[in-house]
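Take a look at the letters that make up each chain.
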There are 2 protein chains.
Amino acid sequence: MSPKLTGEILRQLRQAMRNCKYFSEPIQAYIIPSGDAHQSEYIAPCDCRREYISGFNGSAGTAIVTEQHAAMWTDGRYFLQANQQMDNNWTLMKMGLKETPSQEDWLISVLPENSKVGVDPWIIAADQWKNMSKALISAGHCLVAVQHNLIDVVWPDRPERPSTQLRTLGLEYTGTSWQDKVTMLRAKMTERKIGWFVATALDEIAWLFNLRGADIEYNPVFFAYAIVGMNTIRLFVDLKRLSHPVLRDHLQLDAPIKPELSIQTFPYESVYTELQAICAALGPKDKVWICDKASCALTQVIPKAHRTPIPYTPLCLAKAVKNATEIQGMKMAHIKDAVALCELFAWLEKEVFSLIQKRKEYRNTDFVGLSFPTISSVGPNGAIIHYRPLPETNRTLTLNEVYLIDSGAQYVDGTTDVTRTVHFGTPTAFEKECFTYVLKGHIAVSAAVFPNGTKGHLLDSFARAALWESGLDYLHGTGHGVGCFLNVHEGPCGISYKTFADEPLEAGMIVSDEPGYYEDGSFGIRLENVVLVIPTKPKYNYRNRGSLTFEPLTLVPIQVKMMNTELLTKKERDWVNDYHRKCREVVGAELERQGRKEALEWLIRETSFIKDH
Amino acid sequence: MSPKLTGEILRQLRQAMRNCKYFSEPIQAYIIPSGDAHQSEYIAPCDCRREYISGFNGSAGTAIVTEQHAAMWTDGRYFLQANQQMDNNWTLMKMGLKETPSQEDWLISVLPENSKVGVDPWIIAADQWKNMSKALISAGHCLVAVQHNLIDVVWPDRPERPSTQLRTLGLEYTGTSWQDKVTMLRAKMTERKIGWFVATALDEIAWLFNLRGADIEYNPVFFAYAIVGMNTIRLFVDLKRLSHPVLRDHLQLDAPIKPELSIQTFPYESVYTELQAICAALGPKDKVWICDKASCALTQVIPKAHRTPIPYTPLCLAKAVKNATEIQGMKMAHIKDAVALCELFAWLEKEVFSLIQKRKEYRNTDFVGLSFPTISSVGPNGAIIHYRPLPETNRTLTLNEVYLIDSGAQYVDGTTDVTRTVHFGTPTAFEKECFTYVLKGHIAVSAAVFPNGTKGHLLDSFARAALWESGLDYLHGTGHGVGCFLNVHEGPCGISYKTFADEPLEAGMIVSDEPGYYEDGSFGIRLENVVLVIPTKPKYNYRNRGSLTFEPLTLVPIQVKMMNTELLTKKERDWVNDYHRKCREVVGAELERQGRKEALEWLIRETSFIKDH
């Protein structure tokens, strides 16, 4: 892949930075974060401003452009990719390496005295604004909010904001009505003496109202804001979307049963002025909850005396603990996904082909869409951790290389995310050795027993211990929360060496378990299951705290050919055999029912028992 | 042990809270933190104000007294002990339990509107002040600095602040002169454009000047402050202590070689006014470094525009990485300590007696003092995690109970801290099972290989995995930094599930590895070695990051009788055998040289080889 040529748009951007049409005085630096106004992880094309200015399209990165420099901060997953996608105008800042300066330190080192640094307040989080602003002020500079986004100024053919059709979800999928969810939210607010709650995260809004959209690829969400008071519910969304009778009925827009559960609707853009009006009418003791990761623009509308920022909203916390209906849905979705994958792998073994286009066909039952872009990579491309095939770099599947496929789907009853690494020929001893360390890490997390109240980051090292012992590692976290027919990545839980303020794991939470190993220029290995947190009863029960463990929801065989089974302990071999037995029982029954004979034969072969040596 | 009767002193304290002699308006609540003005972990008797008011003498706890209530916050180590030591006037607030309110939330729930909450600004850290103050203000109350400590007001026979003799340490112990340390500090200051550094932690000051004192039991430190500028060094200490010629010579007080290395001395108490004078003369861009855990009183002397608080000072970071001389000293100290312990255990087996008084006699070579009060407990007392024998509860050593001894010493070349759990009769199957899980955890940490840059908290779960698997756990961290002839507990590194902002482990750092298990009312188990972080070279070297592991400095046999060796893996048995071989070689040679025949025989017997089954 050749890098995007950015000389001309950088020239235009710098002109806009000097152009007093957009602000009172020129700015000496402009920060371009990755996100949209909703802290979304995946973003709509109209919000891909950092990609537009730099060419780098990885999921994480922050660009800063000054008069002289253009620099891009990204993490270990993207070092190779960013280097390939950006031209010489850009300097790559490798986050996580000791010698890499922070954005603040770098700005302070390159800016002339008394500089102004601009940023769009709608796409920088309030807490990031605060930290950046503090650092700049302490060095004699200042951070200014540029209301007119300067990338939009230099982006002539910027796409429109999407406004896809909304889908309602009934109780058979959600288990809880939106009215009950609002009532539970208000109970939390009463408990903490909070009068208003501003919802900005798109998946929280979709979850609250039991609605789904398709505004952002892979994430079944829609652009909206919501503000919930003790007696009112305000929903901000493109009003055209609410015309369908089914929707109006679902939201009880025309005949609300109770006044406090009546939803007032407003245009998406009016959230700023409505929130201003609400704040103007606040009593002296009224408090407003907003996520501390919400945009600086919206956060600062709420006067400081009334503002109560929280790291995780009550919606985020409630959504993370799946109810029985949601868990059942997730289980069903994973069986469907396993069926699709067995078919695919069985077919793959017969036909060597370029994979990526075939994927959708195999997932046909209740299949809504992918939950993220499939990562399908061969040989050295696997070492680009989140590689997506592009025409220029796509490699043909061969018998001689490690093949990594990470894909997920949205079903109406659940979301899947699975990675398998396989070899259709004969893996090298080193490939097998690395695969086995990754497998040991995967098992160590999946089989871990831990007390109630344990935070996910305390489990991260279990996934790495076998790799570390041989001097190996991987530069990404081990797992993320998974939504239920919602975003494939969701908070507030996760398994990562980064000690973000994650919430303790609870029974009902669903996370991924996905250690890996990436050998630059050669191959990539990752092994990922989606796992459900479940209670377990070990021999003892210290202080009656109770214990938790994981149950794999993903049921796709792990290729025994890639394992050096002599490196596995008896306990680990037993785990693999038990897991494969479950795959055979559950997915095998479904393949049989559907009459998919070849896939069934493949499944039985791939799940054969590993003997003790 | 019967609780302290606190009715009368609480009455007096509440009178003082209403008494306008000490402040303009009465206060409705008074906070009594544990500490002194230097963030010391162990404190001098004159600073034991929280113990005086409540009777509870554990190392951690915060008391809050209001007109109606008296409440004590402490953590899981001290729940049993605090309950036993406090009378009915006090409510125990068990930190770490879900239902326990934070101090802020509790205050807000009990205080009448518009209350004033008082605290001594010298013994509350600046960051704690900030958090508490913010929470109180948001609920309509306020936090006020009470300059005159109210416990001192109601404490007629409060002891004097200690002023023990100072000891100088030469290069043969320190490896680096104080002049070179000051120069290194200034280099760090120049790098970060910092003009002044205020040192408040006693061990940092002792380390900087290569001096030791005995002001605080177990910690060879002395009460002092230091302020270092680019051209001046100011030391605040009881001036009587500086009269000895050896000291004056060591500090070059009478004939400094270079002007910028000349030390000006001031009385201890004048730090406030001197810092005020320094701050009054600061240029607009001058910055002052102070630890963010320093006292609120001293921190607030520095105007906000000049203040640069840091979580760990450059002294703390430099001190943590021991130089070759210090490492050698620590090794020597641990051999001496192992000799003393072998003697003690050999003798113990012959004579069953009440231990505690005998301990000192056995450590005789270069022995300076204990590094903390010996914890020596039998049977159920072992379950009080930091139990110290008191006449009322002391139990006689018997053949039927688990015996836990945690003790450490200060030698001029190093500091030791070791815990062993033994049984002189026949342990029960459950005691052996628990001991073996603790041993597995100890080994998992001690033998762990991990990449450079790893923070200690990522290793904590290794110590717990075996306990967790059986539903067990312990409610304390796994390890702490250890000073070199300095405090037995020191930052900035540690191994704990609490994700305080610890610094990455580096070769040369020294920490303890001390998992445990405590069965309330029955027995306590802990197994502790002091371990040195060392580089290691596993098979591969991912991204040239390099790897680290631990080398045990403590060389005292682990009782095989307490192990259920069938629960150990081959790798774990090999670890125990290797460790015991090293004990035999190193300590055995020393015992032989000293002609301690009985101890040598005991050592050889206790380190016999565990066979594979």
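Each value, and the rule that gives it
- Residues numbered from 1 in each chain as written.
- Chains lettered and ligands numbered in written order.
- Predicted model: local features only at pLDDT ≥ 70, side-chain atom pairs only at ≥ 80, totals over all residues.
- Heavy atoms only, no water.
- UniProt positions renumbered as here; feature names shortened; annotations may be inferred.
- Helix = DSSP H or I, 4+ residues; strand = E, 2+ residues; numbered from the N terminus.
- Buried < 20%, exposed > 50% of the residue type's maximum accessible area, 1.4 Å probe, protein only.
- Contact = heavy atoms within 4.5 Å.
- Phe/Tyr/Trp six-rings, centres within 6.5 Å; stacked < 30°, edge-to-face > 60°.
- Lys NZ or Arg CZ within 6 Å of the ring centre and 35° of its normal.
- Least-squares fit on C-alpha atoms with pLDDT ≥ 70 in both.
- Salt bridge = Lys/Arg side-chain N within 4 Å of Asp/Glu carboxyl O.
- Core = buried A, V, L, I, M, F, W, Y, C linked by side-chain atoms within 4.5 Å.

Within an unreviewed UniProt entry, the label attached to chain A reads Xaa-Pro aminopeptidase 1, and the organism entered is Anabas testudineus. Under the UniProt heading Catalytic activity (unreviewed entry), the note attached to chain A is "Release of any N-terminal amino acid, including proline, that is linked to proline, even from a dipeptide or tripeptide." Under the heading Cofactor (unreviewed entry), UniProt records this for chain A: "Mn(2+)".

**Student:** Break down the environment of B:Pro121 for me, with residues and values.
**Tutor:** Residue and element names in this part refer to chain B. Within the secondary structure, Pro-121 sits in the loop between strand 5 (116-119) and helix 5 (126-138). Assessed through its relative accessible area of 2%, Pro-121 is described here as buried. The residues touching Pro-121, leaving out its near neighbours within four places in the chain, are Ala-145, Val-146, Gln-147, Ser-295, Cys-296 and Ala-297.

**Student:** Tell me about the packing of aromatic side chains, and please be specific about residues and values.
**Tutor:** Overall, the coordinates contain 35 aromatic pairs over all chains when judged by the stated rule. Pairing B:Tyr225 with B:Tyr268 gives two aromatic rings, centres 5.3 Å apart and planes at 20°, and the pair type is stacked. With a gap of 43 residues between them, B:Tyr225 in strand 10 (residues 225-229) and B:Tyr268 in the loop between strand 12 (263-266) and helix 11 (271-280) connect regions that are remote in the sequence. In this structure B:Tyr225 comes out as buried when scored by relative accessible area, which is 2%. Here the aromatic residues A:Phe430, A:Tyr517, A:Phe523, B:Tyr540 and B:Tyr542 are joined through ring pairs into a cluster of three or more. Sitting over the face of the ring of A:Tyr52, A:Lys4 holds its NZ or CZ atom 4.1 Å from the ring centroid. Positioned over the ring face of A:Phe223 is A:Arg161, at 4.6 Å from the centre of the ring.

**Student:** Got a sec to walk through the UniProt feature "domain: Creatinase N-terminal" (unreviewed entry) in chain A? Specific residues and values, please.
**Tutor:** Sequence positions flagged by UniProt for "domain: Creatinase N-terminal" (unreviewed entry) are, in local numbering, residues 27-136 of chain A. Secondary structure content for residues 27-136 of chain A is 29% helix and 20% strand, while the C-alpha to C-alpha distance between its ends is 13 Å.

**Student:** Give me the relation of the copies chain B and chain A: which residues, what numbers.
**Tutor:** Relating the two copies of this chain is a rotation about some axis coupled with a shift parallel to it. Expressed as a screw transformation, the operator carrying chain B onto chain A has a rotation angle of 180° and an axial translation of 0.1 Å, and the superposed copies differ by an RMSD of 0.1 Å. Such a turn and shift between the copies fits a two-fold axis. The fraction of interface residues of chain B whose copies in chain A are also interface residues reaches 100%, indicating that both copies meet through the same surface.

**Student:** I'd like to hear about the UniProt feature "domain: Peptidase M24 C-terminal" (unreviewed entry) in chain A, residue by residue, with values.
**Tutor:** UniProt tags residues 548-608 of chain A as "domain: Peptidase M24 C-terminal" (unreviewed entry). Along residues 548-608 of chain A, the helical share is 56% and the strand share 8%, with 29 Å between the first and last C-alpha atoms.

**Student:** Describe the pattern of salt bridges, with residues and values.
**Tutor:** For side chains of opposite charge, pairing can occur when their charged atoms come near one another. Tallied over the full model, the rule gives 64 salt bridges over all chains. A salt bridge links A:Arg161 to A:Asp47, with the shortest nitrogen-to-oxygen separation between them at 3.0 Å. Here A:Arg161, found in the loop between helix 6 (150-153) and strand 7 (167-168), pairs with A:Asp47, found in the loop between strand 1 (29-32) and helix 2 (49-54); they are 114 residues apart in sequence, far enough to count as distant. Residue classification places A:Arg161 among the partly exposed residues on the basis of a relative accessible area of 31%. Given the relative accessible area of 2%, A:Asp47 is considered buried. In this structure, the salt-bridge partner of B:Glu585 is B:Arg581, at a minimum N-O distance of 3.3 Å.

**Student:** If you had to explain the nonpolar core to someone new, which residues and values would you point to?
**Tutor:** The biggest cluster of nonpolar side chains holds 128 residues, and the ones touching the most others in it are A:Leu505, A:Phe550, B:Leu505 and B:Phe550. In this structure, B:Leu505 is in contact with B:Phe450, B:Gly453, B:Thr454, B:Lys455, B:Gly456, B:Leu459, B:Cys493, B:Val511, B:Val533, B:Leu548 and B:Phe550, ignoring residues within four places of it in sequence. In terms of nonpolar packing, the next biggest core, distinct from the first, is built from 61 residues, B:Trp178, B:Leu202, B:Ala224 and B:Ile227 among them.

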